[in-house]
Amino acid sequence: QDGYVPHPTCLPTPYSALIPLLYRGYHKHHGKHGYHGKKHGYHGKKKGRGCPKPKPLYEICEEYECPPIERLNTSGCGFEARKVLSANWVVTPIDVSDMRRGYKEAFWRLFKYINGANEQDVRIDMTVPVINRWFLDDDYQVAGAQMAFYISSDFQDDPPTPTDSLVTVERWDDAITYDRAFGGDRDDPEYYKKQFIYLWKALKKEGITPYSKMSITAGYTRPGWGRQRKEVMLVDNDSM
C-alpha cells in the first residue's frame, strides 16, 4: 500500500448539515432567478487568481487503483459525465446522528477490513477514491449515509468476507454520474456547497436533471500532501 493511509477527515464531517440547505434552496429558486433567487444566480465570492486545479485523475490512477469508468461524450463546462462500471465495493454505514464520530468510525471499519479484518485474513491494496453517499428524505434532510471503498481487482471475483457485522460487500450496477473535481486544501462545508451549486448550474445549462435524493462526495488524495483532488457527484436519474 506504499505507505498511503487516507486520513479519516479527508472530507468535511459537517458536510451533512449543508445538504438540506443546498437542495431546498436550489429546488425552490432554480428557475430564472438562480440559486438565491437573485437575477444573476449565485453571488458568492469571485474566483481568485491561482485557484488550485485538481490533481489529474490519470496521475492518481497510475499510482493507486481506481474503479473502472468510461468517460461519456455528454460532458459540459463545469462537469464530466462518466459511466462507472459494475463492480464490488466494501461498504459501511455512517452514523449521521453523530457525524464526526460516525465518519471516523466508518473509515476505520473499512480500513481494518482491507488490512485483514476478513474471514480469509488477507490484506487488500488501498484504492481510491473514498466514496461517501448521502441519502436524503423528501425534505432533503440526510436520512442515512454510507462510506465505500472499491475492492481491488485482485479480489473482485471473490471478495473476502468481512468479520465486522457493520461491513458488507455490495455489487453496484453500472451507473452514470456527473462529477465536478476541485483541488486545494479547503474542505469546509461552504466550499463543498459552492461546488455542488456549480455542478447543479452546469447540469441545468445542459438540460440534465440528476437524481435528487442522493449526493456523493469523494476524496482521492491525502490532505496536506501535494496536489489535491476532491469531487462532488450527482447520479443520473436512469441509474437509480
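In this report, we go over the structure that sits alongside the text. (Residues numbered from 1 in each chain as written. Predicted model: local features only at pLDDT ≥ 70, side-chain atom pairs only at ≥ 80, totals over all residues. Heavy atoms only, no water.)

Quick look at the overall build of the protein now. Scanning the protein from N- to C-terminus turns up four helices and nine strands. Moving toward the C terminus, one meets the helices and strands of the protein in the order α-α-β-β-β-α-β-β-β-β-α-β-β. When each of the 240 residues of the protein is scored for burial, the buried share is 50%. Pairs at least 24 residues apart make up 74% of the contacts formed inside the protein by residues separated by at least 6 positions. Total accessible area computed for the protein in this model is approximately 12,100 Å², and 48% of it derives from carbon and sulfur atoms. (Helix = DSSP H or I, 4+ residues; strand = E, 2+ residues; numbered from the N terminus. Buried < 20%, exposed > 50% of the residue type's maximum accessible area, 1.4 Å probe, protein only. Contact = heavy atoms within 4.5 Å. Areas by Shrake-Rupley, 256 points an atom, 1.4 Å probe, with all protein chains shown as cover.)

Cis geometry marks the peptide bond from V128 to P129; its omega dihedral reads 5 degrees. Although it is not a glycine, Y140 adopts a positive phi angle of roughly 60 degrees. With relative accessibility at 15%, the residue Y140 sits in the buried group.

This paragraph deals with the nonpolar core. Ranked by size, the top nonpolar core spans 22 residues in total, and within it V90, I94, L110, Y113, I114, M147 and F149 carry the most contacts. For this core, the secondary-structure elements that each account for two or more residues are helix 3 (99-114), strand 4 (130-136) and strand 5 (142-150). It is helix 3 that contributes the most residues to this core, eight residues altogether. Apart from the residues within four sequence positions on either side, I94 is in contact with M99, G102, Y103, A106, N132, A145, Q146 and M147. In terms of nonpolar packing, the next biggest core, distinct from the first, is built from 18 residues, L57, C66, A218 and M233 among them. (Core = buried A, V, L, I, M, F, W, Y, C linked by side-chain atoms within 4.5 Å.)

Considering all chains together, one arrives at one disulfide under this definition. Paired through a disulfide, C61 and C66 show a sulfur-sulfur distance of 2.1 Å. The chirality of the disulfide connecting C61 with C66 is left-handed, given an S-S dihedral of about -100 degrees. Look at C61 and you get partly exposed, because its relative accessible area is 32%. (Disulfide = S-S within 2.5 Å.)

Turning next to the environment of P67. With respect to the helices and strands, the residue P67 is situated in the loop between helix 2 (57-63) and strand 1 (69-71). Along the primary structure P67 and V128 are separated by 61 residues, whereas in three dimensions their C-alpha atoms are 7.7 Å apart. Aside from chain neighbours lying at most four places away, what touches P67 is W89, V128, P129 and Y150.

Let us look at the pairing of strand 4. Among the seven residues in strand 4, six count as buried, and that is most of the element. Here strand 4 runs beside strand 8 (residues 214-219); their pairing, made up of six bridges, is antiparallel. The residue of strand 8 that forms the bridge with R133 is I216. Here six bridges tie strand 4 to strand 5, and the two strands are oriented antiparallel to one another. What sits directly across from W134, in strand 5, is A145. Remark: five residues form the turn of the hairpin made by strand 4 and strand 5, two consecutive strands paired antiparallel; Y140 in that turn has positive phi of roughly 60 degrees. (Pairing = 2+ DSSP bridges.)

Note on sheets: strands pair through backbone hydrogen bonds, and any given pair is parallel or antiparallel. Strands sit in the order 1-2-7-9-8-4-5-3-6 across an open sheet of nine strands; the sheet is antiparallel. Edge positions in the sheet fall to strand 1 and strand 6 (168-172), since each of these pairs with one other strand and no more. Between one strand and the next, the sheet's axes are offset by a mean angle of 35 degrees, whatever the strand orientation. Sheet topology note: the strand 1/strand 2 (residues 80-84) ladder contains three bridges and is antiparallel. What sits directly across from R71, in strand 2, is R82. The strands that helix 3 touches are strand 3 (87-93), strand 4, strand 5 and strand 6; relative to strand 5, the one it contacts most, it runs at about 25 degrees. Taken strand by strand, helix 4 (residues 189-205) contacts strand 7 (175-182), strand 8 and strand 9 (230-235), and its axis lies near 45 degrees from that of strand 9. (Axes fitted to C-alpha atoms, helices over the stretch in contact; angles between N-to-C directions.)

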